[in-house]
Amino acid sequence: MLARLAVRMDTWGAKKQIEGFRTGWPSKSRDDMQFFDSGKVQYRYRERAGKDASAPTIVFAADPPVTLEAYDEMLDVFSEKFRVIVFELPAMGFTTARGSFGYEFRETGDEVAIFCEAVAGPGAILAFSCVAGLSAVDIAARHPALAAKLALIQTTDWAGFQEWKKARDPKRILVKPFVGQLAMRKLAKARAPAWFDLVVGVKEAYQPLCNCADETLSHGAQWKLASAYQRYLTTGASPLRKVEQPMLIVWGKEDGSHNAEAPVRAKTMGANAELIELDGIGHFPELEDTRRTFEIISAFADR
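The residue numbering used here restarts from 1 in each chain and proceeds along that chain's sequence as written. At least 70 in pLDDT is required for a residue's local features to be given in this predicted model, at least 80 for side-chain atom pairs to be given and counted, and no such filter applies to totals for whole chains, interfaces and linings, which use all residues. As a convention, hydrogens and water are excluded, and side-chain values are obtained from all of the structure's heavy atoms.

The subject of this paragraph is empty space enclosed by the protein. Site definitions follow a grid-based scheme: protein atoms alone, a 1 Å grid, a 1.4 Å probe that fits but cannot get out for cavities, and for pockets an open set with protein on both sides within 12 Å along at least five of seven lines, plus lining residues having an atom within 4 Å of a point. Grid points are joined across faces, edges and corners, and a volume is the space filled by probe spheres set on the points. Summed over the entire model, instances satisfying the criterion amount to one cavity of 30 Å³ or more. Looking at the largest cavity, its volume works out to about 420 Å³. Around the largest cavity, the lining comprises 24 residues; the ones closest to its centre are Pro-64, Met-92, Val-131, Leu-225 and Ala-228. Residue contributions to the lining of the largest cavity peak at four residues, all from helix α10 (residues 225–232). Helix and strand definitions follow DSSP, with helices as H or I runs of at least four residues and strands as E runs of at least two, each counted in order from the N terminus.

Okay, structure coming up:
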């Protein structure tokens, strides 16, 4: 009950925020910014058409504190083959959750499924990153028409993310209701560079990602990590079912936030799963080496 009350801190002022994001800087930072409102959540996303009408659709989830502003090159490259959509998760970046949104795992999967059905349509490739990849697995299992294939990026299994969460919050500050929410409000801008330093493998990518996060956080971008820890990534048994769709796990080996078992454990989430590990790349393969990641996912899409 306390956690349910605490997450309301991260939805206060949503009505004003929704209007401000639709009309202010977040709507104008790039020419192709768009919004979709599910009722509980106003999503911000970008879309780039493929070279022809038959191009398959691929959907990426921006990995906070990275926002849509960092995905220019990725949209350009992936649109050579795909219709590309990249969106910000509920209460992350400039996607706003109303007070009716409770941050729970199943609820998040259903909410993101509404977005995918309305914007991407059926049969997309879901290329979600990090913890959001668990929602891609959940959607593929419970809303199978929406996901033809999964191309998960830096996503391990439920138990692996429990270990990851403990390592990211060793003093158990973020998992404490109210305390965690206040800590993230105060420390987000300082936490972002430290996070990138830990996980980015391509040194040339570090400063641009830091600059992007600093700019967008200054404009009001959200990084509601405490609420996600408390309500989405809860302790206990995994809520996931093994999926039947073809699954690719793309894993940057220079990601310092996971242990060595994490990429192998990811394969247990699918009946037909393939793992590709990348030397010299960290937590953001689609941003750190966009062309290489494009070639890997393109080959997977063609099979």
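Let us keep going from here.
Classification of residues uses two cut-offs on accessible area relative to the type maximum, computed with a 1.4 Å probe and protein chains only: under 20% is buried, over 50% is exposed, and between them is partly exposed. For α10, the tally of buried residues reaches eight of eight residues, placing the bulk of the element in the interior. Listing the buried residues of α10 in full gives Leu-225, Ala-226, Ser-227, Ala-228, Tyr-229, Gln-230, Arg-231 and Tyr-232.

Centres within 6.5 Å make a pair out of two Phe, Tyr or Trp rings, where for Trp the six-membered ring is used; the pair is then stacked when the planes are under 30 degrees apart, edge-to-face when over 60, and tilted otherwise. Applying the stated rule across the entire model yields 20 aromatic pairs. Ring centres of Phe-78 and Phe-294 lie 5.2 Å apart, and the angle between their planes is 85°; on these two criteria the pair is classed as edge-to-face. Of this pair, Phe-78 sits in helix α4 (residues 72–78) while Phe-294 sits in helix α13 (residues 290–302), and the two are 216 residues apart along the sequence. Site record: aromatic cluster; members linked through ring pairs are Phe-36, Tyr-43, Tyr-45, Phe-87, Phe-115 and Phe-128.

Okay, the packing of helix α8 (residues 179–199) against α10 next. Every axis corresponds to a line fitted to the C-alpha atoms, with the helix fit spanning only the stretch in contact, and the corresponding angles, defined between N-to-C directions, vary from 0 to 180 degrees. Here α8 crosses α10 at 130°, and the two axes come no closer than 8 Å. In this view, α8 runs oblique relative to α10, as classed from their interaxial angle. Seen from α8, the contacting residues are Gly-180, Gln-181, Met-184 and Arg-191; seen from α10, they are Leu-225, Ala-226, Ser-227, Tyr-229 and Gln-230. For the contact of α8 with α10, the per-class residue count stands at four nonpolar, four polar and one charged. In this scheme, roughly parallel covers angles under 35 degrees and roughly antiparallel covers those over 145, while 65 to 115 is roughly perpendicular and the rest are oblique. Working rule for contacts: check all heavy atoms of both residues, and any pair within 4.5 Å makes them a contact. Asp, Glu, Lys and Arg are counted as charged, while Ala, Val, Leu, Ile, Met, Phe, Trp, Tyr, Cys and Pro are counted as nonpolar; the rest, among them Gly, fall into the polar class.

Looking now at helix α7 (residues 158–168). Taken together, the buried positions of α7 are Trp-158, Gly-160, Phe-161, Gln-162, Trp-164, Lys-165 and Arg-168. Tucked into the core, α7 has its buried residues touching α5 (105–120), α6 (132–142), α8, α10 and α11 (262–266).

Consecutive side chains along a regular strand alternate between the two faces of the sheet. The buried fraction of strand β3 (residues 57–61) is high, at five of five residues. Because side chains alternate across β3, one face comprises the buried residues Thr-57, Val-59 and Ala-61, and the other comprises Ile-58 and Phe-60, equally buried. Traced from β3 through α4 to strand β4 (residues 83–87), the parallel crossover comes out right-handed. Handedness rule for crossovers: strands pointing away from the viewer, path from the first strand over the helix to the second running clockwise, crossover right-handed.

One side-chain nitrogen of Lys or Arg within 4 Å of one carboxyl oxygen of Asp or Glu is enough to make a salt bridge. Under the definition given, this model contains 21 salt bridges. With its nearest N and O atoms 2.9 Å apart, the salt bridge here joins Glu-69 to Arg-44. Highlighted residues: Glu-69 in the loop between β3 and α4 and Arg-44 in strand β2 (residues 41–48), separated in sequence by 25 residues. When the shortest N-O distance is used, the salt bridge between Asp-157 and Arg-265 registers 3.4 Å. Here the residue Asp-157 occupies a position in the loop between β8 (147–153) and α7, and Arg-265 occupies one in helix α11, the gap between them amounting to 108 residues. Linked through salt bridges whose partners overlap, the residues forming this network are Arg-30, Asp-32, Arg-46, Arg-48, Asp-72 and Asp-76.

The buried fraction of β2 is high, at six of eight residues. Sheet topology note: the strand β1 (residues 33–37)/β2 ladder contains five bridges and is antiparallel. By the bridge assignment for β2, Met-33 is matched with Arg-46. At least two DSSP bridges between two strands are required for those strands to pair. If you look at the hairpin formed by β1 and β2, you'll find three residues sitting between the two strands, and Gly-39 has a positive phi there, around 110°. Relative to strand β6 (residues 96–97), β2 runs antiparallel, the two sharing two bridges. Of the residues in β6, the one forming a bridge with Val-41 is Ala-97. When β2 meets β4, the two strands line up antiparallel, connected through four bridges. Counterpart to Arg-48 in the pairing with β4 is Val-84.

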